[in-house]
Amino acid sequence: MHRAPIQPLPPRASRYGIDPSLVKKRFADLPGMTSLMLQELFPDTPEVIYPSAEGISAIRRAAEAALEKVDLSMIQPHHTVNVLASHHGFTLLGGEPYAELLRTVYDVVKRRTGAKEVRLRAGVGLRFRETEEYIKRFHLKQHFDRAMGMAPIDEGIPIETEIGTLYGLKRTYDADWIIHVHNSDVREVHFHRQVDRAVKPFGMSYARIETRSTYHQNLGPRGANFTARAIFESPFVQSKFVGAVFLNMSPSGVLSVEADNDLYRINDTITVDGLRYYGKVFQLLGKIDECIVGLDFPCPVPYVFSAGVIYCNFVGVNTDLFDLDVKLPPYTWYAEALYGKDGKPLIPEVKPVNPAIRMVVQNYAWIGYPSAFFAQQLPTIVVGKEQADLFEHDPQNLEYMKYAMIADNLDDAMKFAYKTTGTDKVIVFDGAVGGINVSESLAEHLLSVAPKVSVEVDEILMPKWLKQRGIGRNGVLVNA
């Protein structure tokens, strides 16, 4: 039965994207498009607290309840507290759930401790001003005693760890206490491989660029969070750490709010939930045999969303990204360095990118992340000269348009894509909430293979993934 496409997240004004007025048409407006809800594909998809009929108040209610079990007694009225945030949380479900979580943490800490100053410190990746835009958009300066974005090139602070001196951002730690507020969305699973996901920001959003670079380029997948864990477990960080508060995510929305003084207890929960709920979507998308990819979301190219999965993970779903026996996914910076000048892998351990992707049509995406690899590996059409010019002049994407074509509008781009690829299967990365926007032909294919995928994940893959991480079938950690 045909269902209208889910309305995508609207364009967002940003220095990293074209003006929203230039986004004339969305993939959801094209003929032949429909949507699939995740509960339709997988009936065991869990109910979420957001989005729901309760609205944004569900986040505050869940956060207040979760924080009841967190000990805040170490915070005295004369103390200062830094509430630590990361930019990615603001890209989930439009950003309001994460913003409300941050506001609730502030309110609870002020009410229970009377701390004289509770600040927001929001870290970011390669788009140094992005969190400042979110702070303004969600009026967080008006809510916190102070609020500011942090960039990885800001002043650092040496942190002595068991593996030597690493460098955090000084503003992260310039208070008496810190509270780590994050989310469990698997996002860059091609890097962290769902290992120690909860500690990741300590080596990323809260770290100097010299230290965070080890995550991407030195240790490689399966070991990327090693430095983050070393920083988090350092005496310096532990002397300031109060606890953590997380949005526990599924591909269809917010499952719960998790809060604890022990970060590793949260890590156990989000490890199991991430494997269980994202694993089925990853495996389903890996069963697509051919498709045109549409990019249509206010984020850099690799981070646009579909069914809770970011595009650069779809580029690698021809391998099992959760299987730790897979040494290197088709895409990471580490793997990208092992491609030759001809654009092909130099060693057999690096698999080519997902062969199901026949063409990519970029209707709307942001700059601020090195993305030439994607245009080099996959035939790409960029809609609109203004968007092409934006990428042409981005220092991180100087070669992106060397490999991409330009179309005047989305309709022309799709006519070319249909004719050139010979397929009418389309998957759209537009941040549709609760489901996925696809062409009717791809919807039929996904519905037909979803039951088998569900059984495979439950009976074969989940036990394997859990065992690799030292976790039993019931989700309880087991001795190595």
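These lines cover the structure that appears in this document, whether it is placed above or below. (Residues numbered from 1 in each chain as written. Predicted model: local features only at pLDDT ≥ 70, side-chain atom pairs only at ≥ 80, totals over all residues. Heavy atoms only, no water.)

## A short note on the pattern of salt bridges
Scanning the entire structure with this criterion turns up 34 salt bridges. Glutamate 133 is the salt-bridge partner of arginine 15, the closest N and O atoms lying 3.5 Å from each other. Placement of the pair is arginine 15 in the segment before strand E1 (33–37) and glutamate 133 in helix H4 (residues 130–137), with a sequence separation of 118 residues. Exposure remark for arginine 15: the relative accessible area of 48% places this residue in the partly exposed category. Here aspartate 262 and arginine 265 are joined by a salt bridge, their closest N and O atoms 3.8 Å apart. A residue is classified by how much of its surface remains accessible, and arginine 265, at 48% relative accessible area, is partly exposed. By sharing partners, the salt bridges in this structure join Arg60, Glu64, Glu96, Glu100, Arg103 and Asp107 into a single network. (Salt bridge = Lys/Arg side-chain N within 4 Å of Asp/Glu carboxyl O. Helix = DSSP H or I, 4+ residues; strand = E, 2+ residues; numbered from the N terminus. Buried < 20%, exposed > 50% of the residue type's maximum accessible area, 1.4 Å probe, protein only.)

## Thoughts on the packing of helix H10 (residues 263–285) against helix H17 (residues 440–468)
The description of two helices packed together rests on the angle between their axes and the distance between the axes. Two numbers describe how H10 lies on H17: the axes approach to 8 Å, and their chain directions differ by 140 degrees. The angle between the axes of H10 and H17 places the two elements in the oblique class. Here the hand of the crossing between H10 and H17 comes out right-handed. Contacts from Val272, Leu275, Arg276, Gly279, Lys280, Gln283 and Leu284 in H10 reach Leu446, Val449, Ala450, Val453, Ser454, Val457, Asp458, Leu461, Met462, Trp465 and Leu466 in H17. By residue class, the composition of the contact of H10 with H17 is 12 nonpolar, 3 polar and 3 charged. (Axes fitted to C-alpha atoms, helices over the stretch in contact; angles between N-to-C directions. Parallel < 35°, antiparallel > 145°, perpendicular 65-115°, else oblique. Left-handed = near helix turned anticlockwise from the far one by under 90°. Contact = heavy atoms within 4.5 Å. Nonpolar A, V, L, I, M, F, W, Y, C, P; charged D, E, K, R; others polar.)

## Looking at the sheet that holds strand E8 (residues 241–250)
The 6 strands lie next to each other as E4-E3-E2-E7-E8-E9, forming an open sheet whose pairing is mixed. Looking at the sheet topology across the chains shown, the edges are occupied by strand E4 (146–149) and strand E9 (253–260). Averaged over all adjacent pairs, the angle separating strand axes in this sheet is 15 degrees, with direction ignored. Relative to E4, strand E3 (residues 117–123) runs parallel, the two sharing 4 bridges. Opposite arginine 119, over in E4, you have arginine 146 as the bridge partner. Sheet strands touched by helix H3 (residues 96–113): strand E2 (80–86), E3, strand E7 (177–183), E8 and E9. Its angle to E7, the strand with the most contacts, is close to 155 degrees. (Pairing = 2+ DSSP bridges.)

## A short note on the environment of aspartate 394
Mapped onto the secondary structure, aspartate 394 falls in the loop between helix H14 (385–392) and helix H15 (400–403). Spatially, the C-alpha atoms of aspartate 394 and alanine 224 are 27 Å apart, while their sequence positions differ by 170 residues. Ignoring anything within four residues of it in the chain, the contact list for aspartate 394 reads Ile367, Gly368 and Tyr369.

## Regarding the environment of glycine 279
Of note, glycine 279 is situated in helix H10. Distance from glycine 279 to valine 242, taken between C-alpha atoms, is 31 Å for residues 37 residues apart in sequence. Setting aside anything within four residues of it in sequence, one finds glycine 279 in contact with Gly274, Phe322, Val457 and Trp465.

## Let's talk about the pairing of strand E17 (residues 435–439)
The element E17 is extensively covered by neighbouring structure, given that 5 of its 5 residues are classed as buried. Both faces of E17 are covered, namely the face carrying Gly435, Asn437 and Ser439 and the face carrying Ile436 and Val438.

## Some points on the nonpolar core
Among the nonpolar cores identified, the biggest contains 125 residues, and Leu102, Val293, Tyr311, Phe314 and Ile427 are the most heavily contacted of them. Here the element with the most residues in this core is H17; it accounts for 11 residues. Beyond its immediate stretch of four places on either side in the chain, leucine 102 contacts Val83, Ala85, Phe90, Leu120, Leu140, Phe144 and Val181. (Core = buried A, V, L, I, M, F, W, Y, C linked by side-chain atoms within 4.5 Å.)

## Some thoughts on the side chain of asparagine 183
By the secondary structure assignment, asparagine 183 is in strand E7. At a separation of 3.0 Å, a polar atom in the side chain of asparagine 183 contacts the main-chain amide nitrogen of aspartate 185. Sequence-distant contacts of asparagine 183, defined by excluding residues within four places in its chain, comprise His88, Gly89, Leu92, Arg197, Phe246, Leu247 and Met249. (Polar contact = N/O pair within 3.5 Å; in protein donor to acceptor, adjacent residues only side chain to side chain.)

## Considering the packing of helix H2 (residues 57–67) against H3
Between H2 and H3, whose axes approach to 9 Å, the crossing angle comes to 40 degrees. It follows from the interaxial angle that H2 and H3 lie oblique. Note that H2 runs across H3; the crossing there is right-handed. Taken together, the residues of H3 that come into contact with H2 (itself represented by Ile59, Arg60, Ala63, Glu64 and Leu67) are Pro97, Glu100, Leu101, Arg103, Thr104, Val105, Asp107, Val108 and Arg112. In the contact of H2 with H3, the residues fall into 7 nonpolar, 1 polar and 6 charged.

## Comments concerning the packing of aromatic side chains
For the coordinates displayed, the defined rule picks out 24 aromatic pairs. Judged by centre distance (5.7 Å) and plane angle (75 degrees), the ring pair of tyrosine 311 and phenylalanine 429 falls under edge-to-face. In this pair, tyrosine 311 is assigned in helix H11 (residues 311–314) and phenylalanine 429 in strand E16 (residues 426–429), connecting sequence segments 118 residues apart. One exposure class covers both tyrosine 311 and phenylalanine 429, and it is buried. Site record: aromatic cluster; members linked through ring pairs are Tyr311, Phe314, Tyr331, Tyr339, Phe373, Phe374 and Phe429. Just above the ring of tyrosine 303 sits the side chain of arginine 187; from NZ or CZ to the centre is 3.7 Å. (Phe/Tyr/Trp six-rings, centres within 6.5 Å; stacked < 30°, edge-to-face > 60°. Lys NZ or Arg CZ within 6 Å of the ring centre and 35° of its normal.)

This is a description of form; function is not addressed.
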